[in-house]
Amino acid sequence: MNYIWDLLIRAEEQGFARNDIHFICATSYSPYMELSPQVLNTTTIEQTIEINPYYRYSEVFKHLFQPDNVTDMEIQEYLLDIVIHFLGDIDRMQGMNRKEYFMRFLLQEFAAHTFGQAVHSYCQALTKAEQEIVALNMIRMYQTGDVIYNFKNTLKKLFPHCAVYINSENKDEILLYIGQRQTAQREMKIQLIRTLFMPIGFTLDIYWTQHFGIVDVEDTMKIDYIALY
């Protein structure tokens, strides 16, 4: 990590809130690095971050931390922290494309209960990366209109070992084999996908650890490990 935007992204991924991170001007720093950690190649996120504010922003801070300026140090540190957070947000936005902006707006709507209290609650079972997968697939579903594909794709990404079977000949039903034991968190993930992506008129049957038997597929035809369909 060398840039403030990189650190802020990693901190967010590790569950830190914006207010948890505090930037201060390092007393000793390299002129070739923006961040000044004690351990050069560290991946650990500290809540107080020493930085070299002149590495990219000398025009902003060149008059703030003059060696002979020792008055109002608390105000200077407070101002530095606010401005660096602001510059870090600008950094992150400059690296975003239109789809990522749409994704952020959609995640904000999840948090604001725009899709209902249930969806907001189900989202709590997902990591930030999983929430982004759901949001991006929703955007793609709106753009393409392909509900079935995005339903299956979201399941596959959140449950990598699952198998999805679509039966639309005799009746509209989806058979879902998870391949993992049933937990409250996994149930909430499935309910979220079901609420946002499930095709209207389809039913969903879930098989957690035991697969239903399929003729000529030996892995599904083991005695005592076959679920009834």
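Residues numbered from 1 in each chain as written. Predicted model: local features only at pLDDT ≥ 70, side-chain atom pairs only at ≥ 80, totals over all residues. Heavy atoms only, no water.

Q: Quick one: what's the story with the environment of Glu100, residue by residue and with numbers?
A: As for its placement among the helices and strands, Glu100 is situated in helix H4 (residues 98-111). Here Glu100 falls in the partly exposed class, since its relative accessible area comes to 30%. A sequence separation of 36 residues divides Glu100 from Leu136, and the C-alpha atoms of the two residues are 8.1 Å apart. (Helix = DSSP H or I, 4+ residues; strand = E, 2+ residues; numbered from the N terminus. Buried < 20%, exposed > 50% of the residue type's maximum accessible area, 1.4 Å probe, protein only.)

Q: So what about the packing of aromatic side chains? Which residues, and what values?
A: On inspection of all chains with the given rule, the structure shows five aromatic pairs. The interplanar angle of 50° and the centroid separation of 6.2 Å between the aromatic rings of Tyr3 and Tyr55 together place this pair among those described as tilted. Residue Tyr3 is found in the segment before helix H1 (4-13), and its partner Tyr55 is found in helix H2 (residues 54-61); the two are separated by 52 residues along the sequence. Site record: aromatic cluster; members linked through ring pairs are Tyr3, Trp5 and Tyr55. (Phe/Tyr/Trp six-rings, centres within 6.5 Å; stacked < 30°, edge-to-face > 60°.)

Q: Report on the side chain of Asn153, specifying residues and quantitative values.
A: Along the chain, the position of Asn153 falls in helix H7 (residues 147-158). Overall, Asn153 belongs to the buried group, its relative accessible area being 15%. Of the polar contacts made by the side chain of Asn153, one reaches the side chain of Asn137; its length is 2.9 Å. (Polar contact = N/O pair within 3.5 Å; in protein donor to acceptor, adjacent residues only side chain to side chain.)

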